[in-house]
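So the chains spell out like this:
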Amino acid sequence: MTKTSLICGSIAFDKIMQYHGRFGETLLADQLHRVNVSFLVPTLRTEYGGCAVNIAYNLKLLGGEPLIMGTIGQDGGDYLDRMEQQGLATNAIRTIAHAYTAQCFVTADLDGNQINAFHPGAMQFSHENSLADYLPLRVAIVAPDGRDGMIKHARDCAERGVPFIFDPGQQLPMFNGDELLAFIGQASYLACNDYEFEMVMDRTGLPLQDIAARLDALIVTRGEHGSDIYAGGEHHKIPAVPAASVVDPTGCGDAYRAGLLFGIANDLDWPTTGRLASLLGAIKIAHQGGQNHSFTPSEIADKFEAAFGYRF
């Protein structure tokens, strides 16, 4: 049986700028109706990001078989070259010649507050991809992407009998209750952080137990408090793995989801799958950006044994 994991999601550049002051000292509360300000940002860095590539990067390091299905813009040549150098397959990535790659512009101040602007660009054309061209598949994930693409890819997975994780992430506000119920009905798994899951319950009107009953597994991450996996009528408490240092949370959720995909593709039990996912998140958070950490499968096996007392 194939172990290929199809990863549907965004491909993006993150432009990260640091403002050496505090927004609160510049933004006047009684003048917010006519804001016209400029922030001097002495430092600027570009990170390769996007949920799909972040997930695939971690899954490849684990020894998994990721296949990215997404859209990139006219400015994405260097990114495609980088993926190929990392051994990631790019044949399911469509280049949109008349658009730019999705980009997030992040300005942070000294207090950690952020002002963000997001340009979806090529991501808006993700619905032009079709997973039918890449069967058979062991599992898929529908991660944050263009709205139409997420709807199409979930429907295609359900129609083709491909089990998939629905991971709405920051795109969750785009969907109403009926649409979320449709996703849950099609998906085998739902993965959210605790805030997102509260929104899912609010919009669908369903409590946790009812949502979990409609899925093979419900996964709710809770940051430093670990995560919860509800599967087969059981509740598995997954402990957080202490990080060597806390540098940057960007991409930690994507690393966690790579662990989920690896566990599903390799028929690991849920406690082991959750612990592996937790370990990947802890490794990622100690590094800047979503794809600047590295490890080998044997190193992960050793770290897993050190953390949990057994090998997966």
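Residues numbered from 1 in each chain as written. Predicted model: local features only at pLDDT ≥ 70, side-chain atom pairs only at ≥ 80, totals over all residues. Heavy atoms only, no water.

S.K.: Can you break down the packing of helix α3 (residues 147-160) against helix α4 (residues 177-186) residue by residue, with the values?
M.R.: Between two packed helices, the angle of one axis relative to the other and the distance separating the axes together describe the packing. Taken N-terminus to C-terminus, the directions of α3 and α4 make an angle of 35 degrees; their axes are 9 Å apart at the nearest point. As for the relative orientation of α3 and α4, their crossing is left-handed in sense. Counted together, R147, M150, I151, A154, R155 and A158 of α3 and E179, F183 and Q186 of α4 form the full contact between these two elements. Broken down by class, the residue content of the contact of α3 with α4 amounts to five nonpolar, one polar and three charged. (Axes fitted to C-alpha atoms, helices over the stretch in contact; angles between N-to-C directions. Helix = DSSP H or I, 4+ residues; strand = E, 2+ residues; numbered from the N terminus. Left-handed = near helix turned anticlockwise from the far one by under 90°. Contact = heavy atoms within 4.5 Å. Nonpolar A, V, L, I, M, F, W, Y, C, P; charged D, E, K, R; others polar.)

S.K.: Which residues make up the packing of aromatic side chains, and what values do they have?
M.R.: As enumerated under the stated definition, the model contains 13 aromatic pairs in all. Here the aromatic residues F262, F304, F308, Y310 and F312 are joined through ring pairs into a cluster of three or more. Residue placement shows K15 over the ring face of F13; its charged tip is 5.9 Å from the ring centre. (Phe/Tyr/Trp six-rings, centres within 6.5 Å; stacked < 30°, edge-to-face > 60°. Lys NZ or Arg CZ within 6 Å of the ring centre and 35° of its normal.)

S.K.: So what's going on with the sheet that holds strand β8 (residues 139-142)? Which residues, and what values?
M.R.: Across the sheet, which stays open at both edges, the nine strands sit in the order β5-β4-β1-β8-β9-β10-β11-β12-β13 with mixed pairing between neighbours. Each end of this open sheet is capped by a strand with a single partner; those strands are β5 (93-96) and β13 (234-238). With direction set aside, neighbouring strand axes in the sheet form an average angle of 15 degrees. Where strand β1 (residues 4-8) and β8 come together, four bridges link them in parallel fashion. Bridge pairing in β8 places L6 opposite A140. (Pairing = 2+ DSSP bridges.)

S.K.: Give me the lowdown on the environment of K237, citing residues and values where you can.
M.R.: In this fold, K237 is placed in strand β13. In this structure the C-alpha to C-alpha distance between K237 and L28, which are 209 residues apart in sequence, comes to 45 Å. For K237, the side chain forms a polar contact with the side chain of D228, separated by 3.2 Å. (Polar contact = N/O pair within 3.5 Å; in protein donor to acceptor, adjacent residues only side chain to side chain.)

S.K.: Break down the side chain of T90 for me, citing the residues and quoting the values.
M.R.: By the element assignment, T90 lies in the loop between α2 (77-85) and β5. Judged by relative accessible area, T90 falls into the buried class, the value being 17%. Reaching out from T90, the side chain makes a polar contact with the side chain of E84 at a distance of 3.1 Å. If we ignore the near neighbours within four places in the chain, the residues touching T90 are L80, M83 and E84. (Buried < 20%, exposed > 50% of the residue type's maximum accessible area, 1.4 Å probe, protein only.)

S.K.: Provide a residue-level description of the UniProt feature "domain: Carbohydrate kinase PfkB" (unreviewed entry) in the protein, including the pertinent values.
M.R.: The positions that UniProt labels "domain: Carbohydrate kinase PfkB" (unreviewed entry) are, in the present scheme, residues 32-292. Regarding residues 32-292, the helix share stands at 35% and the strand share at 23%, and the terminal C-alpha atoms are separated by 38 Å. (UniProt positions renumbered as here; feature names shortened; annotations may be inferred.)

S.K.: Just give me the short version of helix α5 (residues 194-204), but keep the residues and values in it.
M.R.: Every buried residue belonging to α5 is among E196, F197, M199, V200, M201 and T204, and all of these are buried. Close packing links the buried residues of α5 with α4, β10 (189-193), α6 (208-213) and β11 (217-221). In this structure N193 caps α5, since a side-chain oxygen of it lies 3.1 Å from the backbone nitrogen of Y195. One or two positions beyond α5, positive phi appears at G205, with a value near 75 degrees.

S.K.: Kindly report on the pattern of salt bridges, identifying the contributing residues and their values.
M.R.: Within this structure, the stated rule accounts for eleven salt bridges. Note that D248 is salt-bridged to R45, the shortest N-O span being 3.9 Å. Placement of the pair is D248 in the loop between β13 and α7 (252-265) and R45 in strand β3 (residues 43-49), with a sequence separation of 203 residues. In this structure D248 comes out as buried when scored by relative accessible area, which is 7%. We note a salt bridge from E305 to R311, for which the minimum N-O separation is 2.8 Å. What you see here is one network of salt bridges that share partners, running through R45, E47 and D248. (Salt bridge = Lys/Arg side-chain N within 4 Å of Asp/Glu carboxyl O.)

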